[in-house]
Amino acid sequence: FRSIFDTEAILISATNREQEIATERFEWNAAGRKIDDVLTIGFQAQYLVEALAAFDGERINLHLAGNADDSLYLTDDNDGTRQAVIMPARI
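Read on for a plain summary of the structure. (Residues numbered from 1 in each chain as written. Predicted model: local features only at pLDDT ≥ 70, side-chain atom pairs only at ≥ 80, totals over all residues. Heavy atoms only, no water.)

## Looking at the overall build of the protein chain
Link 1 in the chain: Counting secondary structure elements, the protein chain contains 1 helix and 7 strands.
Link 2 in the chain: Across the protein chain, helices and strands are ordered from the amino to the carboxyl terminus as β-β-β-β-α-β-β-β.
Link 3 in the chain: With 91 residues in all, the protein chain has 23% of them scored as buried. (Helix = DSSP H or I, 4+ residues; strand = E, 2+ residues; numbered from the N terminus. Buried < 20%, exposed > 50% of the residue type's maximum accessible area, 1.4 Å probe, protein only.)

Dropping the structure here:
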C-alpha cells in the first residue's frame with residue numbers, strides 16, 4: 001500500500017492481487033509542522049496491520065522525518081509506552 005501525506009489529511013490506498021484498489025482518507029493534525037510538498041511513502045500492508053493491532057486506543061501518533069526514505073514511527077496517544085516502527089518499501 002502507499003500513503004500520501006499532505007497538510008490536512010493522510011490518504012492510504014492499497015491494491016490486492018486482482019488489482020482492486022481501496023482508498024481511505026484520514027484527517028490529521030500536523031502538530032504545527034509545515035509540509036511544503038506532498039509526501040508519498042509505500043509500506044508492506046501486513047506490517048502496518050500488525051503494528052496497528054498492537055495499539056488499544058482509537059488514536060495513535062505518527063512520526064515522520066519528512067522524506068520517503070524514512071521509517072514511520074508510531075506511538076500510542078496515552079502514555080507513549082507502546083511503540084512500533086515500519087520501514088518503507090520501494091515503490
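## Points about the sheet that holds strand E7 (residues 83-86)
Link 1 in the chain: The strand order across the open sheet formed by 3 strands is E5-E6-E7, and the pairing between neighbours is antiparallel. Of all the strands in the sheet, the pair left with one neighbour each is strand E5 (60-63) and E7. Pairs of neighbouring strands in the sheet enclose a mean axial angle of 20°, with direction left out of account.
Link 2 in the chain: Strands E5, strand E6 (72-76) and E7 of the sheet are contacted by helix H1 (residues 45-53), whose axis makes an angle of about 175° with E7. (Pairing = 2+ DSSP bridges. Axes fitted to C-alpha atoms, helices over the stretch in contact; angles between N-to-C directions. Contact = heavy atoms within 4.5 Å.)

## Section: the pattern of salt bridges
Link 1 in the chain: Counted by the stated rule, this structure contains 1 salt bridge.
Link 2 in the chain: Of the charged contacts in the structure, one is a salt bridge between Asp 56 and Arg 82, with a shortest N-O distance of 3.1 Å. In this pair, Asp 56 is assigned in the loop between H1 and E5 and Arg 82 in the loop between E6 and E7, connecting sequence segments 26 residues apart.
Link 3 in the chain: Using a relative accessible area of 36% as the deciding quantity, one classes Arg 82 as partly exposed. (Salt bridge = Lys/Arg side-chain N within 4 Å of Asp/Glu carboxyl O.)

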